[in-house]
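# Architecture and fold: a report
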Amino acid sequence: MGYIFFCDFDGTVTREDVIDRILEEFAEPMWKEIEQSWVNGEIGSRDCLALQSRLINAKERDLLDFVENIGIDGSFVDFARYCKGQAIEVVILSDGIDRFIKSILNRYGINDIRVFSNSLESTNGRFEMFFPYFRDDCRTRSGICKCKIMEELSVPGDIKILVGDGRSDFCLTGKADLTFAKSDLLDFCRVEKIPHIEHRGFGNIIVWLKNQIAQERFLSQRAFVRHGLRGARNG
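Summary of the structure given here. (Residues numbered from 1 in each chain as written. Predicted model: local features only at pLDDT ≥ 70, side-chain atom pairs only at ≥ 80, totals over all residues. Heavy atoms only, no water.)

## Some thoughts on the packing of aromatic side chains
Applying the stated criterion across every chain, the model contains 9 aromatic pairs. On the basis of an interplanar angle of 5° and a centroid distance of 4.1 Å, the ring pair of phenylalanine 170 and phenylalanine 188 is categorised as stacked. Of this pair, phenylalanine 170 sits in the loop between β5 (158–164) and β6 (178–181) while phenylalanine 188 sits in helix α8 (residues 183–192), and the two are 18 residues apart along the sequence. With a relative accessible area of 21%, phenylalanine 188 lands in the partly exposed category. Counting every residue linked through ring pairs, the aromatic cluster contains Phe5, Phe76, Phe79 and Phe202. Arginine 46 extends its terminal NZ or CZ atom over the ring of phenylalanine 134, reaching a point 4.3 Å from the ring centre. One cation-aromatic arrangement involves arginine 167 over tryptophan 38; the distance from NZ or CZ to the ring centre is 4.5 Å. (Phe/Tyr/Trp six-rings, centres within 6.5 Å; stacked < 30°, edge-to-face > 60°. Helix = DSSP H or I, 4+ residues; strand = E, 2+ residues; numbered from the N terminus. Buried < 20%, exposed > 50% of the residue type's maximum accessible area, 1.4 Å probe, protein only. Lys NZ or Arg CZ within 6 Å of the ring centre and 35° of its normal.)

What follows is the structure, encoded as structure tokens:
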């Protein structure tokens, strides 16, 4: 039995939504109308992102320079290091853009976490989104089917833990063994009466995880001692 963390990125690892910030800075105003169509449930996030990306007026270098100013939850680095030391895998599942995610993580010295996300490419000065993890049967019509990836990466006995904040994480709550939620995901869990733990950052999750591991070690040691005592009595 082991833990595996599936973490959203925008608004969860980062303090703000990377794509929204890019659109606010570089896209034509129509992106907001498209966003509202997604909020209203008229289109899925895949179609939303595909349409919005075509409205971006910038060079690739401009976008990469811009995301250099986007920070992350200050405790995420400690969380990633602690999990690595405990041989606990952390996976990023994001309906965002892979190159921005990796650029931000690399800036903080985190380059050994698997990232599953969408891709943004530039052709003849125009941007286009690609969706390598899209599935036709995804009921949320997202660019990335987070549920399928969680299913494929998990093995029997894994404790699947979701850390998220928004709509792209709603469906995952039904697949995860435990959910750490904030913002819109927290509201969703409360309304749907889904078991969860409220969190304000990865510092809270580190404390929880350390307590869990300490408790498991204590119980394991106590069982070992009891077994030894029974063996001594029978000897």
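## A closer look at unusual backbone geometry
At serine 183, a residue that is not glycine, the phi angle is positive and equals roughly 55°. Considering the arrangement of structural elements, one finds serine 183 in helix α8. The exposure class assigned to serine 183 is partly exposed, which follows from its relative accessible area of 42%. For lysine 193, which is not a glycine, the phi torsion comes out positive at approximately 55°. Looking at the element boundaries, lysine 193 is found in the loop between α8 and β7 (197–198).

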